[in-house]
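Next come the chains, spelled out residue by residue.
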Amino acid sequence: MTTGIVACGHPAVADAAASVLTSGGNAFDACVAAGFAGAVAEPCFTSLAGGGFLLAHTSVGEQVLFDFFVDTPGRSLSLAERQPNFLPINVRFLAADQVFHAGLGSVAVPGCLAGYLHVHERLGRLALADIVRPAIGLARDGVRLDATQAEVLGLLAPILQREPETAAIFAPAGSLLREGDQLTNTDLAAYLEWLAADQDGASFYRGALADALVVQMHSGDGLVTRDDLAAYRVIERTPTTSDYRGHRIVTNPRPSFGGELIALALSLEEARGAPPAWHSPEHLEAVVEVMIDVDRRRAIGATKGTTQVTVVDAAGNVASMTTSNGETSGDVVAGTGILLNNMLGEDDLHPDGFHAAPPGERVASMMAPTLVLDPADRVALALGSGGSKRIRTAIAQVVSAVVAHDRDLAEAVNAPRVHWDGDSVQVEPGLPAAAVQRLGKRWTINAWPARNLYFGGVHAVQPGKIGIGDPRRGGTARMVVE
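Predicted, not measured: the structure shown is a model, and the values here were computed from it.

1. Topic: the sheet that holds strand β19 (residues 425–427)
The mixed open sheet is built from 3 strands, whose spatial order is β18-β19-β20. The sheet terminates laterally at β18 (418–420) and β20 (445–447), the two strands that pair on one side only. Looking at each pair of strands side by side, their axes are set apart by 20 degrees on average, direction ignored. In the sheet, β18 pairs with β19 via 3 bridges, with the strands oriented antiparallel. Bridging across to β19, valine 418 finds its partner in valine 427. Of the strands in this sheet, β18 and β19 are in contact with helix α13 (residues 281–297), which crosses β18 at around 35 degrees.

2. Observations concerning unusual backbone geometry
The step from arginine 254 to proline 255 runs through a cis peptide bond, and the omega angle for that step is 20 degrees. Relative to the helices and strands, proline 255 is located in the loop between β10 (247–251) and α12 (258–271). Positive phi, normally seen in glycine, also occurs at serine 76, with a value near 75 degrees. Among the secondary structure elements, serine 76 is positioned in the loop between β3 (63–68) and β4 (87–92). According to the relative accessible area criterion, serine 76 is exposed, its value standing at 56%.

3. Some details on the nonpolar core
Phe36, Leu48 and Tyr191 are the most contacted members of the largest nonpolar core, which has 93 residues in total. The leading source of residues in this core is helix α2 (residues 27–41), at 12 residues. Here tyrosine 191 is in contact with Leu48, Leu113, Ala202, Ser203, Phe204, Leu209, Thr336 and Ile338, once residues within four sequence places are set aside. One finds Leu261, Ala265, Met343 and Ile391 within the second-largest nonpolar core, a separate group that totals 54 residues.

4. Examining the packing of helix α1 (residues 11–22) against helix α4 (residues 128–141)
Axis separation between α1 and α4 bottoms out at 9 Å; the angle between their running directions is 150 degrees. With respect to α4, the axis of α1 lies roughly antiparallel. In this structure, α1 crosses over α4, and the sense of that crossing is right-handed. When α1 is examined against α4, the residues Ala12, Ala16, Ser19 and Val20 are found in contact with a partner set consisting of Asp130, Ile131, Pro134 and Leu138. The class makeup of the residues in the contact of α1 with α4 is 6 nonpolar, 1 polar and 1 charged.

5. Some points on α2
With 15 residues, α2 ought to run about 21 Å at 1.5 Å a step, and its terminal C-alpha atoms sit 20 Å apart, in line with that. Sitting at the head of α2, asparagine 26 places a side-chain oxygen 3.0 Å from the backbone nitrogen of phenylalanine 28.

6. Topic: the sheet that holds strand β12 (residues 318–324)
Spatially, the 7 strands line up as an open sheet ordered β8-β3-β2-β12-β11-β1-β24, and their pairing is antiparallel. The outermost strands of the open sheet, each flanked by one partner alone, are β8 (235–237) and β24 (476–481). Taken over all neighbouring pairs, the strand axes of this sheet differ in orientation by 15 degrees on average, direction set aside. Strands in contact with α1 are β1 (2–8), β11 (306–313) and β24; relative to β24, the strand with the most contacts, it is inclined by about 20 degrees. Against the sheet, helix α3 (residues 112–123) touches β2 (51–57), β3, β8 and β12, its axis set at about 155 degrees to β3.

7. A short note on the environment of serine 267
If you trace the backbone, serine 267 turns up in helix α12. Taking the C-alpha atoms as reference, serine 267 lies 30 Å from alanine 27; in sequence the two are 240 residues apart.

8. Focus on the packing of aromatic side chains
Applying the stated criterion across every chain, the model contains 9 aromatic pairs. Between the aromatic rings of tyrosine 205 and tyrosine 232, the centroid separation amounts to 5.7 Å while the plane-to-plane angle is 25 degrees, which identifies the pairing as stacked. Of the two residues, tyrosine 205 sits in the loop between α9 (199–202) and α10 (207–219) while tyrosine 232 sits in the loop between α11 (226–231) and β8, which places them 27 residues apart along the sequence. Counting every residue linked through ring pairs, the aromatic cluster contains Phe36, Phe68 and Tyr116. Between the NZ or CZ atom of arginine 390 and the centre of the ring of tyrosine 454, over which it lies, the distance is 3.9 Å.

9. Some points on the pattern of salt bridges
Applying the stated criterion across every chain, the model contains 28 salt bridges. As a salt-bridge pair, arginine 438 and glutamate 282 come within 3.2 Å of each other at their nearest N and O atoms. Of the two residues, arginine 438 is situated in helix α16 (residues 433–442) and glutamate 282 in helix α13; the sequence distance between them amounts to 156 residues. Its relative accessible area of 40% is what places glutamate 282 among the partly exposed residues. For glutamate 285, the salt bridge is made with arginine 442, and the minimal N-O distance between the two is 3.2 Å. With glutamate 285 in helix α13 and arginine 442 in helix α16, this residue pair connects regions lying 157 residues apart in the sequence.

Rules and cut-offs
- Residues numbered from 1 in each chain as written.
- Predicted model: local features only at pLDDT ≥ 70, side-chain atom pairs only at ≥ 80, totals over all residues.
- Heavy atoms only, no water.
- Pairing = 2+ DSSP bridges.
- Helix = DSSP H or I, 4+ residues; strand = E, 2+ residues; numbered from the N terminus.
- Axes fitted to C-alpha atoms, helices over the stretch in contact; angles between N-to-C directions.
- Contact = heavy atoms within 4.5 Å.
- Buried < 20%, exposed > 50% of the residue type's maximum accessible area, 1.4 Å probe, protein only.
- Core = buried A, V, L, I, M, F, W, Y, C linked by side-chain atoms within 4.5 Å.
- Parallel < 35°, antiparallel > 145°, perpendicular 65-115°, else oblique.
- Left-handed = near helix turned anticlockwise from the far one by under 90°.
- Nonpolar A, V, L, I, M, F, W, Y, C, P; charged D, E, K, R; others polar.
- Expected span 1.5 Å × (residues − 1).
- Polar contact = N/O pair within 3.5 Å; in protein donor to acceptor, adjacent residues only side chain to side chain.
- Phe/Tyr/Trp six-rings, centres within 6.5 Å; stacked < 30°, edge-to-face > 60°.
- Lys NZ or Arg CZ within 6 Å of the ring centre and 35° of its normal.
- Salt bridge = Lys/Arg side-chain N within 4 Å of Asp/Glu carboxyl O.

This is the structure we're talking about:
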């Protein structure tokens, strides 16, 4: 008998969540355990000092969106003091260069640690020590660097090697770790042990660690203040819902925009009537037309280094969590091994300009943990994705494949994707030539030579049936069997 399913972006993270389910934890315990483990095994995607969202559907039908994304910093700072250390760093991708911003001036008020503790207290079953134990073991004993994380480490090398304490984690022998190497973080292991024993004392929102972080910020021209940390709160929101082909879509509400745009894309697709044949020229043409229509209406909000965890348990609890650390600022919270975010350096998140928003605002995001309910209001599909602006297009394509085209989940997640980037259609390999040729008659096509994490990482579960991790981002799944 299957008692739980996990889908996420790393085998060690999946094992951490599965072990908590096996020990009697529920889906929320397991999802939080995966969050802590991800901070070790997926350090380029997530961190305790990042931000995110968890969409919860409890066994009694309660639905809550836990918003623990980042806040803009700078409370109690004068304008003269707002002179941040903000470093442009060029990162070379497969087909283009992109400038990211690092340094302590790129750090927003962290949310993940507060979010994990809040969800655990609100919906968890096991003791915190049981939740963090798998992550402690990974941090102390090491986790094998997989191909996805090794690739991203290589991309972010200029950021990860800019400060000695960060370089000691990712280049301990002087050169960057590679695929197959063991990644250890003994400072993080010690911090998690401290957290399990003294949750209040180990919080960086108050107490001695908060004071130390503020000193670090002040000395390095960062903007996060003691008042910012003290004021940070996890917000429980009512999810946004919409109808789609006899199903109900439940997803992330405003002030973030990803969920709203996914719902819009699906409604526009449904309004076209019966779907054309799967991956036919007419189908792909309609998909791109919808993307362009949504893009015209879309608002801000994206995060690039992002990961997803989806968990269901035997009782019917469902957790879909998306978290991000941006590309990291290249700094750690001194002595803890916790990588700081660079959310203030994401141009997609700040359309009015860097550091233009006033302190204390919850930053908007494109992240969108999502549920699909069947006509009987049962969870038929739980999913989410990393991938910046591709989050909404990746999720919409998977949901449409399952609901409108009756594809099984593995085929839906693994199928080639397209994405409208505002100027051209980005196309993964594997689509029928006739369909791609049809697109090329109307729009500029950029054909990718291989499947790539650019197109997102949809980690999805169909309760009682199957979990699928997206191979684009090292995805894996675990079935917990009694």
